[in-house]
Amino acid sequence: GAGVSQSPSNKVTEKGKDVELRCDPISGHTALYWYRQSLGQGLEFLIYFQGNSAPDKSGLPSDRFSAERTGGSVSTLTIQRTQQEDSAVYLCASSQDGYNSPLHFGNGTRLTVT
Amino acid sequence: AQSVSQHNHHVILSEAASLELGCNYSYGGTVNLFWYVQYPGQHLQLLLKYFSGDPLVKGIKGFEAEFIKSKFSFNLRKPSVQWSDTAEYFCAVSGGYGNKLVFGAGTILRVKS
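Predicted model only: the values in this text are computed from it and were never measured.

Asker: Would you explain the overall build of chain B in this entry?
Answerer: If you tally the helices and strands in chain B, you get zero helices and 12 strands. Walking chain B from its N terminus toward its C terminus, one meets helices and strands in the order β-β-β-β-β-β-β-β-β-β-β-β. Rg of the C-alpha trace for chain B: 13 Å, near the compact-globule value of 13 Å for 113 residues, within the 12% margin. Taking the principal axes of its C-alpha atoms as reference, chain B extends roughly 40 × 25 × 20 Å. Taking all 113 residues of chain B together, 48% fall into the buried category. The contacts of chain B with a sequence gap of at least 6 include a subset with a gap of at least 24, amounting to 56%. Accessible surface, chain B as shown: approximately 5300 Å² in total, 52% of it carbon and sulfur. Of note, chain B has its 10 positive side-chain charges centred 4 Å away from the centre of its 7 negative side-chain charges.

Following this line, the structure appears as structure tokens:
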């Protein structure tokens, strides 16, 4: 079946521009996560959705970062006024219930801020 | 706050060598523990998980991990590695429902054929 789909796969943007990253989770999965993967930094937690609500936004690095999830499905991560340190791979994952079930990861969006 | 520490960032082994990757976590309550793997060019996938019961859990491809509560550890082991085990391995911990899944920094394993 279809897995987690992220778009775009690659994004190059100029410093100061806004970007939107999209995640289509597996159908029926109630939990959705955003992580950031930088070289040598592992996976940095950004935000977690259960349905449309976000019980944990603690990982968002600054107020330039925001995310929403509509209809309990698609999620968008928005980065305003991008900085060079925002360059990373942004990973989305979904799980059936956000508790016992494993995370299914997308292939990520590689963001490069020039 | 939860945190996960993986002791080695890079490990190089020859085929048939035994593997043990260290993972220690910091969290005061009941935990769910995971190992994920990312093969070159592929997305992250679950290797094995521990929720409760037998502290020795077996996963795919001959991997196993042992939960030692007193040491806050969840080390990953494989008796004999293969070239195809070359990948990056991530330990992760969650405090349960509604809790985020926190990952360690990852260990890059290279197996020489």
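From this point, the narrative continues.
Asker: Before we go on, may I ask you to explain the pattern of salt bridges in this structure?
Answerer: Opposite charge on two side chains permits them to pair, given that their charged atoms come into close proximity. On inspection of all chains with the given rule, the structure shows seven salt bridges over all chains. Among the ionic pairs, A:Arg64 bridges to A:Asp86, the shortest N-O distance being 2.8 Å. Remark: A:Asp86 occurs in the loop between β8 (75–79) and β9 (88–95) and A:Arg64 occurs in the loop between β6 (53–56) and β7 (65–69); sequence separation between them is 22 residues. Summarising the burial analysis for this pair, A:Arg64 and A:Asp86 share the class buried. Three or more residues joined by partner-sharing salt bridges are found here, namely B:Lys58, B:Glu64, B:Glu66 and B:Arg77.

Asker: Looking at this structure, how should I read the nonpolar core?
Answerer: The tendency in soluble globular proteins is for nonpolar side chains to be buried as a group. B:Leu33, B:Trp35, B:Leu48, B:Phe74, B:Leu76 and B:Tyr89 are the most contacted members of the largest nonpolar core, which has 29 residues in total. Looking at this core element by element, the count peaks at four residues for strand β10 (residues 87–94) of chain B. In this structure, A:Ala88, A:Tyr90, A:Cys92 and A:Val113 belong to the second largest nonpolar core, which totals 19 residues.

Asker: Sorry if this is basic, but what is going on with the interface of chain A and chain B here?
Answerer: Interface size is commonly expressed as the accessible surface area that is lost when the partners come together. Contact with chain A, which involves 22 residues of that partner, is made by 19 residues of chain B. For the pair chain A and chain B, the summed buried area comes to about 1700 Å², and 58% of that belongs to carbon and sulfur atoms. Put simply, chain A and chain B have zero salt bridges between them. Summed over the shared surface of chain A and chain B, the number is three residue pairs in polar contact (both at pLDDT 80 or more).

Asker: Explain the sheet that holds strand β1 (residues 5–7) of chain A to me, please; I cannot follow it from the model alone.
Answerer: Strand pairing within a sheet occurs via backbone hydrogen bonds; the two strands may be parallel or antiparallel. Residues and elements named next belong to chain A. Pairing is antiparallel in the open sheet, where four strands are placed in the order β1-β3-β8-β7. Edge strands, defined here as strands with exactly one partner in the open sheet, are β1 and β7. With direction set aside, neighbouring strand axes in the sheet form an average angle of 15°. In this sheet, β8 lies alongside strand β3 (residues 19–24) in antiparallel orientation, the contact comprising five bridges. Residue Leu21 lies in a different strand from β8, and its bridge partner there is Leu77.

Asker: Where do I start with the side chain of A:Ser75 in this structure?
Answerer: Residue and element names in this part refer to chain A. Mapped onto the elements of the fold, Ser75 is located in strand β8. From its side chain, Ser75 meets the backbone oxygen of Glu68 in a polar contact 2.9 Å long. Those residues in contact with Ser75, other than ones at most four positions away along the chain, are Leu21, Arg22, Cys23, Leu32, Trp34, Phe49, Glu68 and Arg69.

Asker: Can you help me understand the confidence of the model for chain A in this one?
Answerer: Detail in the predicted coordinates should be disregarded across regions flagged by low pLDDT. Looking at chain A, the pLDDT average stands at 91 and 96% of residues meet or exceed 70. At the level of individual helices and strands, chain A shows its lowest average pLDDT in β6(A), which scores 81, and its highest in β3(A), which scores 98.

Asker: Honestly, the side chain of A:His29 in this entry has me stumped. Any pointers?
Answerer: Residues and elements named next belong to chain A. Relative to the elements of secondary structure, His29 occurs in the loop between β3 and β4 (31–38). Residue His29 is classed as buried on the basis of its relative accessible area, which comes to 10%. Residue contacts for His29: discarding those within four places in its chain leaves Arg69, Gly72, Ser94, Ser95, Gln96 and His104.

What counts, and at which threshold
Residues numbered from 1 in each chain as written. Chains lettered and ligands numbered in written order. Predicted model: local features only at pLDDT ≥ 70, side-chain atom pairs only at ≥ 80, totals over all residues. Heavy atoms only, no water. Helix = DSSP H or I, 4+ residues; strand = E, 2+ residues; numbered from the N terminus. Rg over C-alpha atoms; globule rule 2.2 N^0.38 Å. Buried < 20%, exposed > 50% of the residue type's maximum accessible area, 1.4 Å probe, protein only. Contact = heavy atoms within 4.5 Å. Areas by Shrake-Rupley, 256 points an atom, 1.4 Å probe, with all protein chains shown as cover. Lys, Arg positive; Asp, Glu negative; His and termini not counted. Charge placed at Lys NZ, Arg CZ, Asp CG, Glu CD. Salt bridge = Lys/Arg side-chain N within 4 Å of Asp/Glu carboxyl O. Core = buried A, V, L, I, M, F, W, Y, C linked by side-chain atoms within 4.5 Å. Buried area = accessible area lost by both parts, 1.4 Å probe. Polar contact = N/O pair within 3.5 Å; in protein donor to acceptor, adjacent residues only side chain to side chain. Pairing = 2+ DSSP bridges. Axes fitted to C-alpha atoms, helices over the stretch in contact; angles between N-to-C directions. pLDDT = per-residue confidence, 0-100.

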